[in-house]
Structures are given as structure tokens and as C-alpha cells.
2 protein chains.
Amino acid sequence: MKTATTPDQIAPLREFVIATTEVVTQAMDESARIAAIKPLLARLISSDDWLAEDAAKPHPDHYCQYLLHCDPLERFSVVSFVWGPGQRTPIHDHTVWGLIGMLRGAETGQHYRWDADGRLQASGEPSRLERGDIELVSPATGDIHQVANAHADRTSISVHVYGANIGAVARHVFDAASGQVKPFVSGYSSSAVPNLWDRSDAVRRNITGAAA
Amino acid sequence: MKTATTPDQIAPLREFVIATTEVVTQAMDESARIAAIKPLLARLISSDDWLAEDAAKPHPDHYCQYLLHCDPLERFSVVSFVWGPGQRTPIHDHTVWGLIGMLRGAETGQHYRWDADGRLQASGEPSRLERGDIELVSPATGDIHQVANAHADRTSISVHVYGANIGAVARHVFDAASGQVKPFVSGYSSSAVPNLWDRSDAVRRNITGAAA
Ligand SMILES: [Fe+3]
Ligand SMILES: [Fe+3]
Ligand SMILES: [Mg+2]
């Protein structure tokens, strides 16, 4: 079989997936798990040339959520969140923990909480994530927010890690004015994910090295 | 986010991946592992409408090996092997166990063994796999073979499960006449794999069902 020789550009994502798989395989509570995964995500977003072009494409009408990897036992998933200029989410929850790492551009976020009168109220100051920044969402510490591209004139991309197969999680979107809650299941923006596993060039180089 | 609603056609492959992940997570010897996975593969190849079109395309010049799933700890991988009319492999080994399940069309195979004089000799009768048939290769029972599309006039497709990330395994091709052995690392024919994890339509239907 003839195979295209491509540099192993996707290696940082593969290494993140392997290390995170090892973390979720160990028994630990949620906060310890998040603490173990956060530095792995920080390393992943310290460079951005590993992101496959197909998972970096904005859509003119809405943000995109491309699956990069789903753990086969659905203990975690990794997505690229691609913001076209000026795009934003509705107010939404996750129902599972999530780490949001800024890869390109910037995004703004606002957390919300239910007040004593059963109204959804902005909670805390708006946040702004710049490249390399990481934010947490979690049912334990604050799960409802609204997020937007900080830029009106260009694409921004963040990489999210969630404690489940996020595209298949039953969650909610909210209307702050009316307090209306609607069911929400995000799905994914693509029917393909990147192939992380073609390490063949490195293996071939090793063989050549060994024979030389 | 707007998501295309597509029927969950890929469910049989996802179910195979989940069940096989559960098998490789358990401690057992290789023959028990193969015995546990074989009926899962038999079920997978009992229908063929789950195979993504991108992983079913023949190439005019050579066979293709599309990655369908790689276990993140590289304990197993699943590929579609797509034969154009009349295409064949060189004589090759695997160095790890593999199960070959016929999905569409048919293929012929011939096992080889080193004889006492250090020559590679055909071993046993040529085999023919028809749709639904499964064959084993393994260093324990016979690892060297040559395989070909049984059809000169159409595409055949088999689904292979290997006990490693097969595209990155250092293995060998052989010339029977000269006895020459060359290193071989197959890689994969595509930089993308199918997204198995968009179960969103079923989750949405469940929510609707619960509310009704
Ligand atoms: Fe969010
Ligand atoms: Fe083979
Ligand atoms: Mg869908």
C-alpha cells in the first residue's frame, strides 16, 4: 500500500488523548481529575499547528463544535469550538465538568445563576479568555454561561474537554428574560474526526536508524 | 448550533468498539481475547450499511486500509480493507494477532511458512473468504500470508481487527522467489476516521418521549 508521507503534526493531540485516557482510567474524585487534566490541556493549547483544517473551519451562520476525540467508554471528549466573527452561544448548561482552553483569538463569557425568585441572573464579572487561558465549567462550581467570540472581525477557536461524550449529553438552553428552559443536545458539526494514530513515519525512521 | 440530523447508521461500529474496549480492558490471554472478539466481529459484518462511504472507496492503483477506530492505549485497531478489482497484497506478516471479516465481495488468501532450508513455502490450501466469513492471523498460529480480491471486476471489502495500532507496527514483506525480507510499516490511507459518537438524535428522541 502506498501511503502519503505527512509529518506527524497531530502528535500533541494524540499525546493529550493518551495522557487523559490514563487519568480517567484511575479512580479519583472529579476535582482531582480536573486538576490532573488541566496542565495537559495547557500544554496542548501552547501550540496550535496540530489542529486539522477540517476542524478549524467557521460556518457563516453559527458556531461549530467539531469532535476531535471521544473516549470509547465516554468518560471524556475533546472538541474544537470554532467561532465565526461575532458569533455567540445561547445561555446554556453542560451538566458535566468542562475545561475551555483558548487556542486562537479570544472569547468572552458570562456566568449565570438562578436567584431566590427563580430568575436567571448574571453572576460575577464577564470574563475574557485570551490565547493560552483556561476556564472551568462544572455543576459543582457554576454550570450556566453564555460565551461569544471576542472578535467581530475574525475567527476564534477554543479547545474544550468535557467529562462525557458532550455531543450526546441532555442539557439545556435558557432565556434570561422569560426564564424559559429548553432541552438541548448539541451533536457534532462533522461526521469525521482526525486520525490521530498514523505514527508510521516515525516508526519507519526508527527502523532506518536501527539498520544504519 | 445547528446539527444535521442523520440516522445513527454507524451504531453497529460504535457498539463493536465499545464491546471490544471492554474485552481488552479485562486481563486474559491472547486466545481468550480473540475468542471473545470474534463473535463481536461476526455481528459487525452481518450488516454492511454502517460503513462510511469515505472508508469504502477503492484506489485505482493499490488497495486501501482505512482506520475506523484505534484504541487510545493502542490495544486494538479496526480498519476497512478496500480491494479494487484484481488487487493483491505482497506476502507479508503482522507480528500481532488479527481477525479478518469479509464485509462485501470475497477475497482469496494463501498462508506461507519458512521451510527447513530457509525458503518461504506456501502452506496449506488457498482459502476463500465469502461475505460473513472470518479468518485469523497470528504469530502463534500462522502470521505470513498473501491476500487478493477474489473478483477481477469489482470492489471487495473486509474489516480487520488487530491486537495493536496496525498502521504503526514494524512488520515485513517477503519475496518468495528470492527469500528477501523487507521492513514494512503500513500507515493508513486517510487522515480522518468516522465520528462514531454523534448519538444526539437518539438522545433527543428520548427527551421527547419522556416529555410526551
Ligand atoms: Fe459552554
Ligand atoms: Fe494480512
Ligand atoms: Mg445528528
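As named in an unreviewed UniProt entry, chain A is Cysteine dioxygenase, taken from Polaromonas aquatica. Heading Sequence similarities (unreviewed entry) of the UniProt record for chain A holds this comment: "Belongs to the cysteine dioxygenase family."

Colleague: Honestly, the interface of chain A and chain B in this entry has me stumped. Any pointers?
Modeller: Frequently, the measure chosen for interface size is the accessible area that the parts lose on association. Taken together, the contacts link 41 residues of chain A with 41 residues of chain B. Taking both sides of the interface into account, the surface hidden between chain A and chain B amounts to around 3,500 Å²; carbon and sulfur atoms contribute 65%. The salt bridge partner of Glu 74 of chain B is Arg 199 of chain A, with a shortest N-O separation of 3.0 Å. Taken together, chain A and chain B are joined by 13 residue pairs in polar contact (both at pLDDT 80 or more). Secondary-structure elements contributing two or more residues to the side of chain A that touches chain B are α1 (11-25), β1 (64-70), β12 (192-194) and α3 (200-211) of chain A. Looking at the side of chain A that touches chain B, its residues break down into 20 nonpolar, 14 polar and 7 charged. Strand direction decides the pairing type here: β12 of chain A and strand β12 (residues 192-194) of chain B, joined by 3 bridges, are antiparallel. The residue of β12 of chain B that forms the bridge with Ala 192 of chain A is Pro 194 of chain B.

Colleague: Could you clarify how one ought to interpret helix α2 (residues 30-44) of chain A in this entry?
Modeller: Residue pairs three or four apart in sequence face the same way in an α-helix, which turns once every 3.6 residues. In this model α2 of chain A runs 21 Å from its N-terminal to its C-terminal C-alpha over 15 residues, within 8% of the 21 Å that 1.5 Å per residue would give. Here α2 of chain A has its buried residues at Arg 33, Ile 34, Ile 37, Leu 40, Leu 41 and Leu 44 of chain A.

Colleague: What am I meant to see in the sheet that holds β1 of chain A here?
Modeller: Pairing between sheet strands relies on hydrogen bonds along the backbone, with the strands arranged either parallel or antiparallel. Residues and elements named next belong to chain A. The 5 strands are arranged β1-β2-β9-β4-β7 in an open sheet whose pairing can be described as antiparallel. A single partner strand is all that each edge strand has here, and the edge strands are β1 and β7 (134-137). The mean inter-strand angle of the sheet, taken between neighbouring strand axes irrespective of direction, is 25 degrees. Where strand β4 (residues 98-104) meets strand β9 (residues 156-162), 6 bridges bridge the pair, whose relative direction is antiparallel. Counterpart to Ile 100 in the pairing with β9 is His 160.

Colleague: Looking at this structure, I do not really get the pattern of salt bridges. What am I missing?
Modeller: When charged atoms on two side chains of opposite charge get close, those side chains can pair. All names here are of chain A. Per the counting criterion, the structure on display carries 18 salt bridges over all chains. Here Arg 128 and Glu 130 are joined by a salt bridge, their closest N and O atoms 2.4 Å apart. For Arg 128, a relative accessible area of 45% corresponds to the partly exposed category. Classification of Glu 130 by relative accessible area gives partly exposed; the value is 35%. Salt bridges linked by common partners bring Asp 115, Asp 117 and Arg 119 together as one network.

Colleague: Help me understand the coordination of the iron ion (ligand 2), please; the structure alone is not making it clear to me.
Modeller: The reference angle at a metal is 109.5 degrees if four donors form a tetrahedron and 90 or 180 degrees if six donors form an octahedron. Residues and elements named next belong to chain B. Bound to the iron ion (ligand 2) are the protein donor atoms His 92 (NE2), His 94 (NE2) and His 145 (NE2), situated 2.1 to 2.2 Å from the metal. As a motif over one chain, the donors of the iron ion (ligand 2) read H-x1-H-x50-H. Here the residue His 92 occupies a position in strand β3 (residues 91-92), and His 145 occupies one in strand β8 (residues 144-149), the gap between them amounting to 53 residues. Residue His 145 is classed as buried on the basis of its relative accessible area, which comes to 2%.

Colleague: Help me understand the sheet that holds strand β4 (residues 98-104) of chain B in this model?
Modeller: Residues and elements named next belong to chain B. Strand order in the open sheet made by the 5 strands is β1-β2-β9-β4-β7, with antiparallel pairing throughout. Taken across any chain shown, the strands that pair with only one partner, and hence form the sheet edges, are β1 (64-70) and β7 (134-137). Between one strand axis and the next, the sheet turns by 25 degrees as a mean value, whatever way the strands run. With respect to the sheet, helix α2 (residues 30-44) is in contact with β4, β7 and β9 (156-162), its orientation differing from that of β4 by roughly 10 degrees.

Colleague: Explain the nonpolar core here, please?
Modeller: Within soluble globular proteins, side chains that are nonpolar generally end up buried alongside one another. Judged by nonpolar contacts, the single largest core of 94 residues is most densely connected at Leu 13, Phe 16 and Leu 41 of chain A together with Leu 13, Phe 16 and Leu 41 of chain B. Once residues lying within four places of it in the same chain are set aside, the contact partners of Phe 16 of chain A are Ile 37, Leu 40, Leu 41, Leu 44, Val 78 and Val 161 of chain A.

Colleague: Is there a simple way to explain helix α1 (residues 11-25) of chain B in this structure?
Modeller: Its 15 residues place the ends of α1 of chain B 21 Å apart at the C-alpha level, agreeing with the 21 Å of an ideal helix rising 1.5 Å per residue. Listed in full, the buried residues belonging to α1 of chain B are Ala 11, Leu 13, Arg 14, Phe 16, Val 17, Thr 20, Thr 21, Val 23 and Val 24 of chain B.

Colleague: Help me understand the relation of the copies chain A and chain B in this model?
Modeller: Of the two same-sequence chains, chain A is brought onto chain B (RMSD 0.0 Å, axial shift 0.0 Å) by a rotation of 180 degrees. Put plainly, the chains are arranged around a two-fold axis. For chain A, the minimum C-alpha distance to the rotation axis belongs to Val 193 of chain A and amounts to 2.7 Å.

Colleague: So what exactly am I meant to see when it comes to the packing of α1 of chain A against α2 of chain A here?
Modeller: A pair of packed helices can be characterised by two numbers: the angle between their axes and the separation between those axes. Residue and element names in this part refer to chain A. Packing of α1 against α2 leaves a shortest axis separation of 10 Å and a crossing angle of 175 degrees. If you check the angle between α1 and α2, you find them roughly antiparallel. Only Arg 33, Ala 36, Ile 37, Leu 40, Leu 41 and Leu 44 of α2 make contact with α1, whose side of the interface consists of Pro 12, Leu 13, Phe 16, Ala 19, Thr 20, Val 23 and Val 24. Residues belonging to the contact of α1 with α2 are distributed by class as follows: 11 nonpolar, 1 polar and 1 charged.

Rules used in this analysis
Residues numbered from 1 in each chain as written. Chains lettered and ligands numbered in written order. Predicted model: local features only at pLDDT ≥ 70, side-chain atom pairs only at ≥ 80, totals over all residues. Heavy atoms only, no water. UniProt positions renumbered as here; feature names shortened; annotations may be inferred. Contact = heavy atoms within 4.5 Å. Buried area = accessible area lost by both parts, 1.4 Å probe. Salt bridge = Lys/Arg side-chain N within 4 Å of Asp/Glu carboxyl O. Polar contact = N/O pair within 3.5 Å; in protein donor to acceptor, adjacent residues only side chain to side chain. Helix = DSSP H or I, 4+ residues; strand = E, 2+ residues; numbered from the N terminus. Nonpolar A, V, L, I, M, F, W, Y, C, P; charged D, E, K, R; others polar. Pairing = 2+ DSSP bridges. Expected span 1.5 Å × (residues − 1). Buried < 20%, exposed > 50% of the residue type's maximum accessible area, 1.4 Å probe, protein only. Axes fitted to C-alpha atoms, helices over the stretch in contact; angles between N-to-C directions. Donors = N, O, S within 2.8 Å, 3.2 Å for Na, K, Ca; no water. Core = buried A, V, L, I, M, F, W, Y, C linked by side-chain atoms within 4.5 Å. Least-squares fit on C-alpha atoms with pLDDT ≥ 70 in both. Parallel < 35°, antiparallel > 145°, perpendicular 65-115°, else oblique.

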